[in-house]
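A closer look at the structure
The lines below spell out each chain.
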Amino acid sequence: MLRVEHVSKTFYPGTIHEKRALCDLSLHLRPGEFVTVIGGNGAGKSTLLNAVAGVWPVDGGAILIDGTDVTALPEYRRAAYIGRVFQDPMMGTAPNMQIDENLALALRRGKKRGLRWGVTKAERERYRALLSTLGLGLETRLEDKVGLLSGGQRQALTLLMASLQKPKLLLLDEHTAALDPATAAKVLELSDRIVAENELTALMITHNMRDALAHGSRLIMMHEGRIILDIAGEEKKKLTRRDLLDRFAALAGVQEETDSVLFS
Amino acid sequence: MLSLPNLLTRLPAGVAQGIVWGVMALGVYITFRLLDVADLSVDGTFATGGAVAVMLMLSGAPGWAALLAAAAVGVACGLCTGLLHTKLGIPAILAGILTQFALYSINLRIMGKSNQTASVKKFGLFWETKGRGFLLSSLYIPQAILVGLLLTALVIAALYWYFGTEQGSALRATGANPHMSRALGINVGNMKLIGLALSNGLVALSGALMTQFQGTADVNMGRGAIVIGLAAIVIGEVLCDVCFRKGANFAVRLAFVVLGGVVYYLVMVLILWLRLDPNDLKLFTALIVALFLAVPHLRAQRRESAVRRRTAGKEA
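How each quantity is defined
Residues numbered from 1 in each chain as written. Chains lettered and ligands numbered in written order. Predicted model: local features only at pLDDT ≥ 70, side-chain atom pairs only at ≥ 80, totals over all residues. Helix = DSSP H or I, 4+ residues; strand = E, 2+ residues; numbered from the N terminus. Rg over C-alpha atoms; globule rule 2.2 N^0.38 Å. Buried ≥ 20, exposed ≤ 12 C-beta atoms within 10 Å, placed from the backbone. Contact = placed C-beta atoms within 7 Å. Pairing = 2+ DSSP bridges. Domains from an automatic or database assignment. Axes fitted to C-alpha atoms, helices over the stretch in contact; angles between N-to-C directions. Parallel < 35°, antiparallel > 145°, perpendicular 65-115°, else oblique. Left-handed = near helix turned anticlockwise from the far one by under 90°. Nonpolar A, V, L, I, M, F, W, Y, C, P; charged D, E, K, R; others polar. Core = buried A, V, L, I, M, F, W, Y, C linked by C-beta atoms within 7 Å. Right-handed = clockwise from strand over helix to strand, strands pointing away.

1. Quick notes on the overall build of chain A
The helix and strand tally for chain A stands at ten helices and ten strands. For a compact globule of 264 residues, the expected C-alpha radius of gyration is about 18 Å, and chain A comes in at 19 Å, within 12% of that figure. Among the 264 residues that make up chain A, the fraction classed as buried is 42%. Intrachain contacts of chain A at a sequence separation of at least 6 include 67% that bridge at least 24 residues.

2. Structural notes on the overall build of chain B
When its secondary structure is counted, chain B shows eleven helices and two strands. Starting at the N terminus and ending at the C terminus, chain B contains elements arranged as α-α-α-α-β-α-α-α-α-β-α-α-α. Here the C-alpha radius of gyration of chain B, 21 Å, is about what a compact globule of 316 residues would show, namely 20 Å. Taken over the C-alpha atoms alone, chain B extends approximately 80 × 55 × 35 Å along its principal axes. Taking all 316 residues of chain B together, the buried fraction comes to 48%. The contacts in chain B between residues at least 6 apart in sequence include a share of 78% that link residues at least 24 apart.

3. Focus on the pairing of strand E9 (residues 218-223) of chain A
Residues and elements named next belong to chain A. Relative to E9, strand E3 (residues 34-38) is paired through four bridges, and the arrangement is parallel. Within E9, the residue paired with Val35 across the bridge is Arg218. When E9 meets strand E10 (residues 226-232), the two strands line up antiparallel, connected through six bridges. Bridge pairing links Met221 to Leu229 in E10. Counted along the chain from E9 to the antiparallel partner E10, the turn is two residues long, and its residue Glu224 has a positive phi close to 50 degrees.

4. Concerning the interface of chain A and chain B
Each partner contributes residues to the interface: chain A has 25 residues there, and chain B has 20 residues. Elements with a minimum of two residues in the side of chain A that touches chain B: helix H2 (75-78) and helix H3 (99-107) of chain A. Sorting elements by how many residues they give to the side of chain A that touches chain B places H3(A) first, with four residues.

5. Observations concerning the environment of Phe250(B)
Residue and element names in this part refer to chain B. One can find Phe250 in helix H10 (residues 250-273). It is 9.4 Å that separates the C-alpha atoms of Phe250 and Ile156, two residues lying 94 residues apart in sequence. Here Phe250 is in contact with Tyr160 and Phe163, once residues within four sequence places are set aside.

6. A word on the domain arrangement of chain B
All names here are of chain B. Entries for chain B in the domain assignment read domain 1 (4-275) and domain 2 (277-316). Each of domain 1 and domain 2 was reduced to a C-alpha centroid, and the two centroids are 29 Å apart. Counting from both sides, the interface comprises eleven residues of domain 1 and, opposite them, ten residues of domain 2. Only helix H9 (225-243) and H10 provide two or more residues apiece to the side of domain 1 that touches domain 2. Per element, the largest residue contribution to the side of domain 1 that touches domain 2 is seven residues, and it comes from H9.

7. So, the packing of H9(B) against H10(B)
All names here are of chain B. Closest axis-to-axis distance for the H9/H10 pair is 7 Å, and the angle between their directions is 120 degrees. Here H10 runs oblique to H9, going by the angle between their axes. For H9 against H10, the interelement crossing comes out right-handed. Here Ile228, Ala231, Ala232, Ile233, Ile235, Gly236, Glu237, Leu239 and Cys240 of H9 come into contact with H10, specifically with Val252, Arg253, Phe256, Val257, Leu259, Gly260, Gly261, Val263 and Tyr264. Looking at the contact of H9 with H10, its residues break down into 13 nonpolar, three polar and two charged.

8. Side note on the sheet that holds strand E6 (residues 82-85) of chain A
All names here are of chain A. Overall, mixed pairing links the six strands, which are arranged E6-E7-E8-E3-E9-E10 in an open sheet. Across the chains shown, the open sheet's two edge strands, defined by having one partner strand only, are E6 and E10. Between one strand axis and the next, the sheet turns by 15 degrees as a mean value, whatever way the strands run. Packed on one face of the sheet, helix H9 (residues 241-252) meets E9 and E10 and runs near 145 degrees to E10.

9. Things to note about the nonpolar core
Residues Ala25(B), Ala53(B) and Ala70(B) are the most contacted members of the largest nonpolar core, which totals 164 residues. Ignoring any residue separated from it by four or fewer positions in sequence, one finds Ala25(B) in contact with Gly229(B), Ala232(B), Ile233(B), Val257(B), Val258(B), Gly260(B) and Gly261(B).

10. Some points on the sheet that holds strand E2 (residues 19-29) of chain A
Residue and element names in this part refer to chain A. An order of E2-E1-E4-E5 is seen for the four strands of this open sheet, with the pairing classed as antiparallel. Two strands close off the open sheet at either side, each with one partner strand: E2 and strand E5 (68-69). In terms of strand pairing, strand E1 (residues 2-11) meets E2 through seven bridges, oriented antiparallel. In the sheet register, Val7 faces E2, and the bridge partner there is Leu25.

11. Observations regarding the packing of H3(A) against helix H5 (residues 151-164) of chain A
All names here are of chain A. Relative to each other, H3 and H5 sit at 30 degrees, their axes nearing to 8 Å. Judged by the twist between their axes, the crossing of H3 over H5 is right-handed. Facing Ile99, Asn102, Leu103, Ala106 and Leu107 of H3, the residues of H5 in contact are Leu157, Met161 and Leu164. Across the contact of H3 with H5, the residue classes tally to seven nonpolar, one polar and no charged.

12. Here we look at the environment of Ile226(B)
All names here are of chain B. Counting through the fold element by element, Ile226 comes out in helix H9. Owing to 24 C-beta atoms within 10 Å, Ile226 belongs among the buried residues under this scheme. Residues Ile226 and Glu166, spaced 60 residues apart in sequence, show a C-alpha to C-alpha distance of 28 Å. Residues within four places of Ile226 in sequence aside, it is in contact with Val28, Leu40, Val42 and Asp43.

13. Notes on the pairing of strand E8 (residues 202-205) of chain A
Residues and elements named next belong to chain A. Burial along E8 is two-sided: Ala202 and Met204 facing one way and Leu203 and Ile205 facing the other are all buried. Strand direction decides the pairing type here: E3 and E8, joined by four bridges, are parallel. Residue pairing for E8: Thr36 is matched across the bridge by Met204. Considered for its hand, the β-α-β crossover made up of strand E7 (residues 169-173), helix H6 (residues 181-197) and E8 is right-handed.

Next up, the structure:
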């Protein structure tokens, strides 16, 4: 479903701030795979997601989604294939627009936006039904401005928006990091459900090792712009936090104490 | 001596002028409020609209054709600013200033000199008349108010429709959250182009209306238009909040922007009636706009500090 082939990206090349964020990185995702991505600060996790989403062009390599080469496509054109949820709950929704208007914008992801009416009656019914499955009481607040919602509610809404028009790929960029633990757990549970119900292929970055172990069907660990660990299937199910720390120390050659700090 | 009858006779003209500037404020509203771009080209496009209209009327074109042509030229001016901004990466404010600066020369070229006079009375707005037709002219103020209101209602209806469509929603989303918009497949650059074009089209239309109202176009007629537009917007929004505490429908909010233009002009009439120096008007306007634009910020700050005090109280 997703093929990242030998992708490299260097920020601020030729300056003292030069940073090699992705080094000849390759990654293949089969349809329906749900991959969690872990790694310390500056490991290149977000850079990987942004490269796939097309936030900026990569320096080399190719990115294919469901067989289509999207390497040269700008961000808004790739959006036809990709649903995204960001770390900042403010980033995924338009605060001064209504809940139904936000959903209607998401429903038209990748479609031509013409002069037909922006939100239809039939759509509203569908939104109401979908919102009621969230159990947040949003189904009665269709005409409320999204800016009135809490961070957790906004992330839940963004998740719904990302999957409304079934994406070939779902990118979750630490989408629970800014939430309190209880809300984060709920939003993660919702993510699991949405991925399972729609049989989505997903990449989820997390800072939390427990979450990375408990969710998804495959786990990759990044370090200095490379994938240093890639575990799937039965092996992933048996994986523990201790294993991860040990293997990280061995592979990255870093002191264990610092890892614990990084992954705490 | 200040005489009240004198004031009352001056008010209707202020209303008519306010409505015309209200149309221009609707244009500014599109960029400033919906697109979140401060577009300074409007000072130029307002005069361009007037210049195009006056020259067409002088050459015998009917009033409505002069209005349409002016709006079309305004759209082109907006596209210029938009292309400078989106394709050449020039910051929006600077792109607007460049267009405005260039338009000064272009407006002089259009008119051949710094001002031109053409009475709309001779030509009529929608049909040939021998005076007292369906005109927007300072010669027949009550009729001018009526025509102005009808045209404004048409513009508001069109804007209400457009911003309810898929494309109009995408344009609003671009202003509200460009990040999200790109992630949802919206071509943010194109939306800015469309918004700037629409906005400047309306501003030029307003310039053409003003030319018909006063019978002349002047190369300096648009000076400070952006500030008057902002004044109309902030006054209108405050009035709207007072009248509709729970928030109002989009069309109502647009109507209040035009009302803001009217209120602004009535205040100007009042200031002139009080025999204050007209040269001070721009200073007053700037102060009013600065004050109203600052209010939301100051309110938020006060709320924040109130919360802080409360939490501090709890801790203590």
